[in-house]
Amino acid sequence: MAKAFASQGDMTEKKITFDEIGQGLYAFTAEGDPNSGVIIGDDSVMIVEAQATPRLAHKVIEKVRTVTDKPISHVVLTHYHAVRVLGASAFDAPQVIMSDITRAMVAERGQEDWDSEFQRFPRLFEGHESIPGLTWPTTTFSDAMTVYLGNRRVDIKQIGRAHTAGDTVIHVPDQNVMFTGDIVEDHSACYCGDGHFADWGKTLDAIKAYDVDAIAPGRGGALVGKDAVERAIESTRDFVNSTYQPAARVAMKGGTLKEAWDAVRDVCDPKFKDYAIYEHCLPFNVSRAYDEARGIWHPRIWTAARDLEMWEALQG
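All residue numbers refer to positions counted from 1 along the written sequence of the respective chain. Local features are withheld for residues below a pLDDT of 70 in this predicted model, meaning they are given only at 70 or higher, and side-chain atom pairs are given and counted only at 80 or more; totals for whole chains, interfaces and linings count all residues. With hydrogens and water set aside, each side-chain value is computed from the structure's full complement of heavy atoms.

Chemist: Quick question: what am I supposed to make of the packing of helix H4 (residues 197-208) against helix H5 (residues 226-252) here?
Modeler: Working note: a packed helix pair is described by the angle between its axes plus the distance between those axes. Axis geometry follows a simple rule: fit a line to the C-alpha atoms, using only the stretch in contact for helices, then measure angles between N-to-C directions, giving values from 0 to 180 degrees. Secondary structure is summarised from DSSP: a helix means a run of H or I of at least four residues, a strand means a run of E of at least two, and numbering begins at the N terminus for each. One way to put it is that H4 packs onto H5 with a least axis distance of 10 Å and a crossing angle of 170°. Relative to H5, H4 is oriented roughly antiparallel. Between H4 and H5, the residues in contact are Phe197, Trp200, Gly201, Leu204, Asp205, Ile207 and Lys208 and Glu230, Ile233, Glu234, Thr236, Arg237, Val240, Thr243 and Tyr244, respectively. Roughly parallel refers to an angle under 35 degrees, roughly antiparallel to one over 145, roughly perpendicular to one between 65 and 115, and oblique to any angle outside these ranges. We call two residues contacting when some pair of their heavy atoms lies within 4.5 Å.

What follows is the structure in structure tokens.
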């Protein structure tokens, strides 16, 4: 019998926090649930990350309306995962932006990801009946683009592979604030099941080079001040390396996925077991690390059948 995902038993609503991280810039966070960002321009508002459902997106809109009545003109999606994008319709934004690679990933595996995440995260997908379908962009870019919200400049860049192949960051120069998506987390496990371990550290270095004053991470609390930013970047790096290296050592010796699982737990449990969604992420992280170490560079698509196959392998 397949083991249930840890997240399937998490049915407790999380406390929402709405922090100003720069003038007219806000981080919507919820105790390790997916975060969203808010960028208020002269005449309109940009949302970063759309949440899993319109029901959850309306919680973001409620917070936006406590600070501005300007219309929402843009939604930027940092990657393709269902818990980040399927609430987009609620914002009724004329522009939905993602990278070319992210759009290609929606086409390649968006439905499979939706089906898989739907069974993994029942609480996040409450009210799923209101999702109109896959989220498609109105605008894509191949490397970088700039949007002006009146006089406020917003730079959107595909900065490197990490959490997925199409990861995007959003930088607001006038406040030197960045929205990183799941490239950076704070006291939350990194989900690496569709990740690129060999590139993640270089992508973190690219973020670090901006020397930003605040970050809204993918999960976890808002990071205000250079010390908080540095701590989160380095703890994310430690999490990624601590996951990949033990799994890679096992794979290079011809060991099994179960042996890789045990090796990763030996290293990661003492440091990260109290992180949000740690137990949920771990099997997917170990599986992807084991694959990459064996030369599978393009992450395999997760399906219900593959989930079952993974659990059977982990149970030995």
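Chemist: I would appreciate a short explanation of the packing of aromatic side chains in the present structure.
Modeler: The geometry of an aromatic ring pair comes down to the distance between the two centres and the angle between the two planes. Only centres within 6.5 Å qualify two rings of Phe, Tyr or Trp (six-membered ring in Trp) as a pair; their planes then separate them into stacked at under 30 degrees, edge-to-face at over 60, and tilted for everything else. In the structure shown here, the tally under the stated rule is eight aromatic pairs. Here the aromatic rings of Tyr191 and Phe284 are separated by 5.7 Å at their centres, their planes lie at 55°, and the arrangement is tilted. Here Phe284 lies in helix H7 (residues 278-293) and Tyr191 lies in the loop between strand S11 (177-181) and H4, a separation of 93 residues in the sequence. Cluster of aromatic residues (ring-pair linked, three or more members): Tyr191, Phe284 and Trp302. When the ring centre of Phe284 is taken as reference, the NZ or CZ atom of Arg120 above it lies at 4.0 Å. Charge over a ring is defined by NZ of Lys or CZ of Arg lying within 6 Å of the ring centre and within 35 degrees of the ring normal. One cation-aromatic arrangement involves Arg306 over Trp302; the distance from NZ or CZ to the ring centre is 3.5 Å.

Chemist: Which parts of the structure should I look at to understand the pairing of strand S3 (residues 33-40)?
Modeler: The side chains of a regular strand alternate between both faces of the sheet. Between buried and exposed lies partly exposed: a residue is buried under 20% and exposed over 50% of the maximum accessible area for its type, with that area taken using a 1.4 Å probe on protein chains only. Summarising burial for S3: eight of the eight residues are buried, a large majority. Strands were regarded as paired on the criterion that DSSP finds at least two bridges between them. Across five bridges, the pairing between strand S2 (residues 25-30) and S3 is antiparallel. Within S3, the residue paired with Ala27 across the bridge is Gly37. Here S2 folds back onto S3 in antiparallel fashion, the turn holding two residues, of which Glu31 has a positive phi close to 50°. The pairing of S3 with strand S4 (residues 45-48) spans four bridges and is classified as antiparallel. When the bridges of S4 are listed, Ile40 appears paired with Val45. Count of turn residues in the S3/S4 antiparallel hairpin: four residues.

Chemist: Could you clarify how one ought to interpret empty space enclosed by the protein in this entry?
Modeler: One way to see where empty space is left: roll a probe the size of a water molecule over the atoms. Here the term cavity refers to a set of points on a 1 Å grid, laid over the protein atoms alone, in which a 1.4 Å probe fits but cannot get out; the term pocket refers to an open set having protein on both sides within 12 Å along at least five of seven lines, with lining residues being those that place an atom within 4 Å of a point. Grid points are joined across faces, edges and corners, and a volume is the space filled by probe spheres set on the points. One pass over the full model with this rule turns up four cavities of 30 Å³ or more. Lining the largest cavity are 15 residues; nearest its centre among them are His81, Val83, Phe121, Tyr191 and Arg219. Among the elements of the structure, helix H2 (82-85), helix H3 (100-120) and H7 are those that each provide at least two residues to the lining of the largest cavity. When grouped by side-chain class, the residues that make up the lining of the largest cavity number six nonpolar, three polar and six charged. Here the second largest cavity defines a volume of roughly 60 Å³. Side-chain classes are defined by residue name, with Ala, Val, Leu, Ile, Met, Phe, Trp, Tyr, Cys and Pro counting as nonpolar, Asp, Glu, Lys and Arg as charged, and the others, Gly among them, as polar.

Chemist: Help me understand the pairing of strand S9 (residues 152-158) in this model?
Modeler: With five of its seven residues buried, S9 lies for the most part within the structure. Pairing of strand S8 (residues 144-149) with S9 involves six bridges; the strand directions are antiparallel. Each residue of the ladder has a partner; that of Ala144, found in S9, is Lys157. Sheet topology places S9 next to strand S10 (residues 168-172); four bridges connect them, and they run antiparallel. For Gln158, the partnering residue across the bridge sits in S10 and is Thr168.

Chemist: Looking at this structure, I do not really get the packing of helix H6 (residues 257-272) against helix H8 (residues 304-314). What am I missing?
Modeler: Running from amino to carboxyl end, H6 crosses H8 at an angle of 75°, the nearest separation of the two axes being 7 Å. The angle between H6 and H8 falls in the class roughly perpendicular. Across the interface between the two elements, Leu257, Lys258 and Trp261 from H6 touch Met310, Ala313 and Leu314 from H8. Split by residue class, the contact of H6 with H8 holds five nonpolar, no polar and one charged.

Chemist: Looking at this structure, how should I read the environment of Phe179?
Modeler: Checked against the element boundaries, Phe179 lands in strand S11. Look at Phe179 and you get buried, because its relative accessible area is 2%. Phe179 sits 36 residues away from Asp143 along the chain, and the two C-alpha atoms are 17 Å apart. Beyond its immediate stretch of four places on either side in the chain, Phe179 contacts Ile21, Leu25, Tyr26, Gly37, Val38, Ile39, Val48, Thr168, Val169, Ile170, Val172 and Ala216.

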